[in-house]
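Each chain, letter by letter, is given below.
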Amino acid sequence: MSASDPISRLALELARLPGIGRKSAMRLTYFLLRSKDDLPERLAEAICSARADLLFCGRCGNMAGEDPCPVCRDARRDASTLCVVEQAPDLLAIEATGEYRGLYHVLQGAISPLNGVGPEDLRIRELLLRMGEEEVNEVIVATNPTVDGEATALYLRKILAPSGVRVTRLASGIPVGGDLEYLDRETIGKALAGRRELT
C-alpha cells in the first residue's frame, strides 16, 4: 500500500502513537473504518477539542481544562508537601494510588544532555519561585528511575539544598528504566510510603 492510500495513511499515523506497532495500527484502522456508529467522528472531535481546550496550570504545570487545575484548587490538600514529577501522566499515576494528598509540580520533561534538554528547558525556575512563595516543608522528587530522571533528581537536590527543605526520593520498587505512568497503583503507593532522603 502506498502512503497516499487513505487506509495506509491512517495506519501510518496511528503507528506513530507510543505503544502502537504496525500490526496494532492496522487493526485500529480497520476497526475505525468498519465502525457502524459515529465513533471515528467522535474520536476525531475529542482529539481536536482536547488540543484546542488544553491549558497548563499556572501554578503546578499540570495539563488540565482549567487554570488552576483541580488538584491546585483542592483546599483539602497538604500544601506543605510538593511532589515533583516529569510529566502530567506521572501525576495521574500517583493520584491513582490514593496515597498522596499533597500538591505537585510538573517539570514537563527531564534533563537530557544527549537530547539537548537542560535545566533551563524545564519548569525548574517556576519550582524555585514556588519554594520562595509557598511554605513547603518537603519536596518529593518523583522523576522516573531512568538515566535522565536520576540526573534531574540529583540536579534538584543540589539546587534545593540551600533552602533547607527536606528533599526525598521515591523508594525502590519502581524498576530502573520504568515510567510511572505504566506502573500499578500498589507499586507507586509503596514507593511513595517508603520514600527516602535524597542524598
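In every chain, residue numbers begin from 1 and rise along the written sequence. Only residues with pLDDT of at least 70 get local features here, since the model is predicted, and only at 80 or more are side-chain atom pairs given and counted; chain-wide, interface and lining totals rely on the full set of residues. Hydrogen atoms and water are omitted, and side-chain values are computed over all heavy atoms in the structure.

Examining the sheet that holds strand β3 (residues 78-85)
Phase 1 of the analysis: A pair of strands counts as paired when DSSP detects no fewer than two bridges linking them. Numbering of helices and strands runs from the N terminus; a helix is a DSSP stretch of H or I covering at least four residues, while a strand is a stretch of E covering at least two. Here five strands make up an open sheet; going across it, the order is β4-β3-β5-β6-β7 and the pairing mixed. Each edge of the sheet is formed by a strand with only one pairing partner; in this case those strands are β4 (102-106) and β7 (196-197).
Phase 2 of the analysis: Pairing analysis gives two bridges linking strand β6 (residues 166-169) to β7, with the strands arranged antiparallel. Within β7, the residue paired with arginine 169 across the bridge is arginine 196.

Side note on helix α7 (residues 147-160)
Phase 1 of the analysis: Here α7 contains 14 residues, and its C-alpha end-to-end distance of 20 Å stays within 8% of the 20 Å for a straight helix at 1.5 Å per residue.
Phase 2 of the analysis: Pairs of residues are marked as contacts when any of their non-hydrogen atoms sit within 4.5 Å. Buried residues in α7 make contact with β3, α6 (124-133), β5 (138-141) and β6. The length a helix should cover is 1.5 Å for every residue beyond the first.

What about the state of the cysteines?
Phase 1 of the analysis: When the sulfur atoms of two cysteines come within 2.5 Å, that pair is taken as a disulfide. For the coordinates displayed, the defined rule picks out zero disulfides.
Phase 2 of the analysis: Free cysteine: cysteine 83, not disulfide-bonded; nearest cysteine sulfur from cysteine 60 at 11 Å.
Phase 3 of the analysis: A relative accessible area of 0% means that cysteine 83 is categorised as buried. Each residue is placed in one exposure class: buried if its accessible area under a 1.4 Å probe, protein chains only, is under 20% of its type's maximum, exposed if it is over 50%, and partly exposed if it falls in between.

Considering α6
Phase 1 of the analysis: Residues of α6 that are buried: Ile124, Leu127, Arg130 and Met131. Each buried residue of α6 sits inside an arc of 110° when the element is viewed along its axis, so together they form one side. Summarising the geometry of α6, the exposed residues directed more than 90 degrees from the buried face are Arg125, Gly132 and Glu133.
Phase 2 of the analysis: Contacts from the buried residues of α6 go to β3, β4, β5 and α7. Arc definition: directions from the helix axis to the C-beta atoms.

So, the layout of surface pockets
To find leftover empty space, one rolls a probe the size of a water molecule over the atoms.
Phase 1 of the analysis: Put plainly, a pocket is an open set of points on a 1 Å grid over the protein atoms alone with protein on both sides within 12 Å along at least five of seven lines, a cavity is a set where a 1.4 Å probe fits but cannot get out, and a lining residue has an atom within 4 Å of a point. Grid points are joined across faces, edges and corners, and a volume is the space filled by probe spheres set on the points. Size it by volume and the largest pocket reaches roughly 410 Å³.
Phase 2 of the analysis: Around the largest pocket, the lining is made up of 14 residues, and of these Leu10, Leu14, Leu32, Leu43 and Ile47 lie nearest the centre.
Phase 3 of the analysis: Broken down by secondary-structure element, the contributors of at least two residues to the lining of the largest pocket are α1 (6-15), α2 (22-34) and α3 (39-53).
Phase 4 of the analysis: At five residues, the largest contribution of residues to the lining of the largest pocket is made by α3.

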